[in-house]
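Results of the structural survey
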Amino acid sequence: QVTLKESGPALVKPTQTLTLTCTFSGFSLSTTGMRVSWIRQPPGKALEWLARIDWDDDKFYSTSLKTRLTISKDTSKNQVVLTMTNMDPEDTATYYCARTLASGRGMDVWGQGTTVTVSS
Amino acid sequence: DIQMTQSPSSLSASVGDRVTITCRASQSIGTYLNWYQQKPGKAPKLLMYDASSLQSGVPSRFSGSGSGTDFTLTISSLQPEDFATYYCQQSYSTTWTFGQGTKVEIK
């Protein structure tokens, strides 16, 4: 069974750095074609793709947020970590991680999401 | 970035209706187009990938079509459990993007 679960702080202050961890099971991020993405959704708004890391350690970022994002993986721990610097109240959202099996296959398994509020 | 535009933003329909949602890309994306369903308080669920391939376990009343810049998601006979928000997403470019969503409500 493939599962992903997001973890991290529920509350961060403006200007702080957010660190989120996606812990997964049931697949290996070393498998050719495998990818893990981070997506967020502000309350009442649309989904926004943030970043992706691939099996070969290629990394890709949202154009609008790339200066603030870093994605990394620890294959031995089955974890993907996303950091976002200089947090702002507009970054308040539910953050999801999701798996993609191969190019063109969509994000087929999602975590339950973790809600992050940015407030002083 | 490739912009994805969905229409309509919302629609009201009855159980048994045929529903069509459109997604337009700002440039050609081949068939690198996925559709998701999201219910309130839940994570999105993959319905279709590669524009017209049905994800395993998804009912056959869902279908997708299109290529290039214009795509559609069709629900052939709307069921009570289909009332939700639907998103398209392109995976053609290295940076992925979602549409703004289409909310399907009960008439």
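Residues numbered from 1 in each chain as written. Chains lettered and ligands numbered in written order. Predicted model: local features only at pLDDT ≥ 70, side-chain atom pairs only at ≥ 80, totals over all residues. Heavy atoms only, no water.

Bringing the overall build of chain A into the picture now. When its secondary structure is counted, chain A shows 0 helices and 11 strands. Secondary structure elements in chain A, listed N-terminal to C-terminal, are β-β-β-β-β-β-β-β-β-β-β. Expected size for 120 residues packed as a compact globule is a radius of gyration near 14 Å; at 14 Å, chain A falls within 12% of this value. By principal-axis analysis of the C-alpha atoms, chain A measures approximately 40 × 25 × 25 Å. (Helix = DSSP H or I, 4+ residues; strand = E, 2+ residues; numbered from the N terminus. Rg over C-alpha atoms; globule rule 2.2 N^0.38 Å.)

Residues and elements named next belong to chain A. Taken together, 4 strands build an open sheet; the order of strands is E1-E3-E8-E7 and the sheet is antiparallel. Bordering the open sheet on either side are strand E1 (3–7) and strand E7 (69–74), each of which pairs with just one other strand. Neighbour to neighbour, the strand axes of the sheet diverge by 15° on average, direction disregarded. In the sheet, strand E3 (residues 18–25) pairs with strand E8 (residues 79–84) via 6 bridges, with the strands oriented antiparallel. Among the inter-strand pairings, Thr 21 is bridged to a residue of E8, identified as Val 81. (Pairing = 2+ DSSP bridges. Axes fitted to C-alpha atoms, helices over the stretch in contact; angles between N-to-C directions.)

So, on to the interface of chain B and chain A. Taken together, the 21 residues of chain B in the interface contact 23 residues of chain A. When chain B packs against chain A, the two sides together hide about 1,700 Å² of surface, and 61% of this comes from carbon and sulfur. Among the residues chain B hides against chain A, the three largest losses belong to Pro44(B), Trp96(B) and Phe98(B). Together they make up 36% of the total. At the boundary of chain B and chain A, one finds 6 residue pairs in polar contact (both at pLDDT 80 or more). Residue assignment for the side of chain B that touches chain A shows that the elements contributing at least two residues are strand E4 (33–38), strand E5 (45–49) and strand E9 (85–90) of chain B. (Contact = heavy atoms within 4.5 Å. Buried area = accessible area lost by both parts, 1.4 Å probe. Polar contact = N/O pair within 3.5 Å; in protein donor to acceptor, adjacent residues only side chain to side chain.)

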